[in-house]
Amino acid sequence: MVDWRIYEHPILEFDRGKEVTIYLDGKPMKAFESETVAAALYANGLREFSKSIKYRRPRGFFCAIGRCSACMMEVDGVPNVRTCVTMCKEGMQIKRQKYPADYLNPVLNLMKLPPAVYMRLMTKPSFIYKPAMTVMRELTGLGAFKKELPGPAPATMGNEGTLETDFLVVGGGPAGMQASIEAGKRGADIIIIDDKDRLGGQLLKQTHTFFSDVKYAAGKRGFKLGEQMIAQLSELPNVKVLTETSAVGYYPKEDVMLMKRPGNATLKVRAKKYLVSTGAYEKTLVFENNDIPGVYGAGGVQTLLNVFGVKPGNRGILLGTGNVALMVAYHLIQAGIEVVGVYAPSFRRVRGYFVHAAKIQRHGVPIVTRHTIVKALGKNEVKGAVITRLNPDYSPAEGSQFTVDCDFICIGVGLNPAYDLVQLFNPKMVNNGTLGGMVPIRDKTFRFAPNAYIAGDCGSIEEATTAMLEGGLAGLYVTEALGRGDEGVTTKIEEYTHALEEDRGSPFSTRLKAAIEEITVENIEEVLS
Ligand SMILES: Cc1cc2nc3c(=O)[nH]c(=O)nc-3n(C[C@H](O)[C@H](O)[C@H](O)COP(=O)(O)OP(=O)(O)OC[C@H]3O[C@@H](n4cnc5c(N)ncnc54)[C@H](O)[C@@H]3O)c2cc1C
Ligand code: FES
């Protein structure tokens, strides 16, 4: 029986919970209650989770944090479930979403017709368009509800009603947790929600030691820091933690946040103040075959490896030299997986911390700058990669291409702020490349809308320590805005502000600091009016 799980790790112990049996297209598979469906299927050898909607190309998972839709399958009769954020349960029935086009495309290929030809034919004359589309929609798609009427709504649906609270924190990463700790210590009534089955955000997958000299994090491993913050929160009776709870909408007129809870239940929360700390998601790269199973986000691989203890493959390469790519290379080595090389187009230097780069170089992994990938080899899964050297104008250098033998490729080329929820508060958004993309204008208290604050990666892509510090500050400013501020709060704000300045004090942070200044205003009301 295939099993890609890691049972021995130098740093981590994987508590997988109770063993259960899940079924893929009727075939039983070993799984555990603390695994996501995607992690369990991957451990059982599945690489193709879905097909692209039009060309029916094979897709593996990509982000593993519920952000990209590559892992969507039918689960217990419900189509388009993101299996990377759905926990396993005994007897769960999982199906690949197949369509007639899956069988038709190979035939069209044999006839040398492009796979999507049936999408473009029959659009003229116009009267045949409608009936033709009806037929085409049966050929392909993205899951379908059953034709028969669904049964009554689940007993829990909607009846959790509307909760009222002082402070609603959306996103339980370092930013959200630290905000809840600081505001919670000062007596505010708080609800903190996270769409995963546990709090911690990206910290839970970070096995490396934080070397920042900020006293909150220095010398601790990321996942230990996460556990410590979770323990602090559990000691605050006024902080209610809701996991497996996704904020899916904010309605300014009614001033409520709508959430989806397990069992399709919904819940509304009306808060005096909101904090959006929803983190970030990974960018991708354009190259031939970049969508086949085996091409993954570096953070996605980190989740699979360090949260669920499942090996992504036997030999991998990394693309990018930012901190996430460098750390994931190190995490793979820690788990005994071969890393062939780290490749990046950068001409000047490694983009992440030198200390991370040095660690992987000490293990004999080459960091090859001025190079990039041009193609992933393989049809249904990765069998290798073609790498090219770059000319000074970033065009591929002729005759420099070479093939690397690998069975997975990790893309670690940066993160995008997860700003979807932020936008629903009608803020003033700007596109700032240095901060990762679209971010809201805010004031120095992190307020970007009359009743909403922002902290962490969703406001500017930095790192866990800065996310924690921003979160702590936002929590304290909310405490003041709720009328609970005192001298102690003012001193603590000064302490955090100083720590944040120190953390951004290195010469490498000059551009970042300038970008933050650019989007921080004295009076947010003026910007919003
Ligand atoms: C995939 C990934 C891997 C990373 N790896 C490293 C690394 O190895 N080393 C390093 O130094 N830095 C790494 N970082 C960066 C660092 O971890 C972050 O800077 C830090 O965790 C940011 O903290 P945060 O609280 O802002 O967001 P996060 O830690 O991302 O936490 C946000 C939380 O919000 C939840 N959430 C999002 N949307 C919703 C919603 N609508 N409803 C409910 N919950 C929601 C998410 O599930 C998540 O738990 C990584 C970042 C990412 C995205
Ligand atoms: S949404 Fe599941 S892999 Fe991205």
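Scope of this entry: the structure provided in the associated data block. Keep in mind that what you see is a predicted model, and the values were worked out from it rather than measured. (Residues numbered from 1 in each chain as written. Chains lettered and ligands numbered in written order. Predicted model: local features only at pLDDT ≥ 70, side-chain atom pairs only at ≥ 80, totals over all residues.)

### Section: the overall build of the chain
Phase 1 of the analysis: Within the chain, the regular secondary structure consists of 14 helices and 29 strands.
Phase 2 of the analysis: By the compact-globule yardstick of 24 Å for 529 residues, the chain fits well, its C-alpha radius of gyration being 24 Å.
Phase 3 of the analysis: Projected onto the principal axes, the alpha-carbon positions of the chain cover approximately 75 × 60 × 50 Å.
Phase 4 of the analysis: Within the chain, buried positions represent 42% of all 529 residues. (Helix = DSSP H or I, 4+ residues; strand = E, 2+ residues; numbered from the N terminus. Rg over C-alpha atoms; globule rule 2.2 N^0.38 Å. Buried ≥ 20, exposed ≤ 12 C-beta atoms within 10 Å, placed from the backbone.)

### Let's talk about helix α11 (residues 464–481)
Phase 1 of the analysis: When the terminal C-alpha atoms of α11 are compared, their 25 Å separation across 18 residues agrees well with the 26 Å that a helix rising 1.5 Å per residue should span.
Phase 2 of the analysis: Counting buried positions along α11 gives 16 out of 18 residues, so the element sits mostly inside the fold.
Phase 3 of the analysis: Two residues or fewer past α11, Gly483 is found with a positive phi of approximately 85°. (Expected span 1.5 Å × (residues − 1).)

### Digging into the nonpolar core
Phase 1 of the analysis: The biggest cluster of nonpolar side chains holds 134 residues, and the ones touching the most others in it are Leu275, Leu319, Ala329, Ile409 and Cys410.
Phase 2 of the analysis: Sorting elements by how many residues they give to this core places α11 first, with 9 residues.
Phase 3 of the analysis: Not counting chain neighbours up to four residues away, the residues in contact with Ala329 comprise Leu318, Val339, Val342, Ile360 and Val365. (Core = buried A, V, L, I, M, F, W, Y, C linked by C-beta atoms within 7 Å. Contact = placed C-beta atoms within 7 Å.)

### Some words on the pairing of strand β2 (residues 27–32)
Phase 1 of the analysis: Of the strand pairs in this sheet, strand β1 (residues 19–24) and β2 are connected by 6 bridges, and their pairing is antiparallel. Within β2, the residue paired with Val20 across the bridge is Ala31.
Phase 2 of the analysis: Hairpin connection between β1 and β2: a loop of 2 residues separates the two successive antiparallel strands, and Asp25 in this loop has a positive phi of roughly 45°. (Pairing = 2+ DSSP bridges.)

### What about the packing of helix α8 (residues 323–334) against helix α9 (residues 354–362)?
Phase 1 of the analysis: Where α8 meets α9, the axes come as close as 9 Å, and the angle between the chain directions of the two elements is 30°. Here the hand of the crossing between α8 and α9 comes out left-handed. Touching Asn323, Leu326, Met327, Ala329, Tyr330 and Ile333 of α8 are His356, Ala357, Lys359 and Ile360, all from α9.
Phase 2 of the analysis: Looking at side-chain class alone, the contact of α8 with α9 contains 7 nonpolar, 2 polar and 1 charged residues. (Axes fitted to C-alpha atoms, helices over the stretch in contact; angles between N-to-C directions. Left-handed = near helix turned anticlockwise from the far one by under 90°. Nonpolar A, V, L, I, M, F, W, Y, C, P; charged D, E, K, R; others polar.)

### Observations regarding the sheet that holds strand β5 (residues 72–75)
Phase 1 of the analysis: Overall, mixed pairing links the 5 strands, which are arranged β2-β1-β7-β5-β6 in an open sheet. Two strands lie at the open edges of the sheet, namely β2 and β6 (78–82), each paired on one side alone. Going from strand to strand, the sheet's axes swing by 40° on average, the running direction of each strand aside.

### A word on the sheet that holds strand β20 (residues 384–389)
Phase 1 of the analysis: What the 3 strands build is an open sheet, ordered β19-β20-β21; its pairing is antiparallel. In the strand order of this sheet, the two ends are held by β19 (371–377) and β21 (402–404), each with one partner. Strand-to-strand twist of the sheet, defined as the mean angle between neighbouring strand axes without regard to direction, takes the value 35°.
Phase 2 of the analysis: Of the strand pairs in this sheet, β20 and β21 are connected by 3 bridges, and their pairing is antiparallel. Residue pairing for β21: Ala385 is matched across the bridge by Val404.

### Quick word on the site of ligand 1
Phase 1 of the analysis: Close to ligand 1 lie 37 residues; Gly173, Gly201, Gly279, Gly299 and Gly456 are nearest.
Phase 2 of the analysis: Secondary structure elements with two or more residues in the shell around ligand 1: α5 (174–185), β11 (246–251), β14 (280–282), α7 (298–307), α8 and α11.
Phase 3 of the analysis: Looking at the shell around ligand 1 residue by residue, the class counts come to 15 nonpolar, 15 polar and 7 charged.
Phase 4 of the analysis: Counting only domains with at least three residues in the shell around ligand 1, you end up with domain 3 (163–281 + 416–528) and domain 4 (284–413). (Near = placed C-beta within 6 Å. Domains from an automatic or database assignment.)

### Concerning unusual backbone geometry
Phase 1 of the analysis: At Glu244, a position not held by glycine, the phi torsion is positive, near 50°.
Phase 2 of the analysis: The residue Glu244 is located in the loop between β10 (239–242) and β11 in this model.
Phase 3 of the analysis: Look at Glu244 and you get partly exposed, because 17 C-beta atoms sit within 10 Å.
Phase 4 of the analysis: Here the phi dihedral of Arg370 falls at roughly 60°; this positive angle occurs in a residue that is not glycine.
Phase 5 of the analysis: Position of Arg370 among the secondary structure elements: in the loop between β18 (367–369) and β19.
Phase 6 of the analysis: Arg370 sits in the partly exposed class, given 18 other C-beta atoms within 10 Å.

### Overview of the environment of Leu236
Phase 1 of the analysis: Residue position: Leu236 is located in the loop between α6 (222–234) and β10.
Phase 2 of the analysis: Under the C-beta neighbour-count criterion, Leu236 is labelled partly exposed, with 17 such atoms within 10 Å.
Phase 3 of the analysis: With 56 residues separating them in the primary sequence, Leu236 and Ser180 have C-alpha atoms 9.4 Å apart.
Phase 4 of the analysis: Sequence-distant contacts of Leu236, that is, excluding residues within four places in its chain, are made with Gly184 and Lys185.

### Comments concerning the environment of Arg57
Phase 1 of the analysis: On the secondary structure map, Arg57 appears in the loop between β3 (50–51) and β4 (58–59).
Phase 2 of the analysis: Residues contacting Arg57, with those up to four places away along its chain left out, are Lys51, Ser52 and Asp291.

### Considerations on α5
Phase 1 of the analysis: For α5, spanning 12 residues, the distance from its first C-alpha to its last is 16 Å, which sits close to the expected 16 Å at 1.5 Å a residue.
Phase 2 of the analysis: Most of α5 sits inside the fold, with 11 of its 12 residues counted as buried.
Phase 3 of the analysis: Of all the positions in α5, only Pro174, Ala175, Gly176, Met177, Gln178, Ala179, Ser180, Ile181, Glu182, Ala183 and Gly184 are classed as buried.
Phase 4 of the analysis: Elements that come into contact with the buried residues of α5 comprise β8 (162–170), β9 (190–193), α6, β10, β13 (265–276) and α11.
Phase 5 of the analysis: Just past α5, the residue Gly187 takes up positive phi, approximately 90°.

So far we have only geometry, and geometry alone does not tell us how the molecule works.
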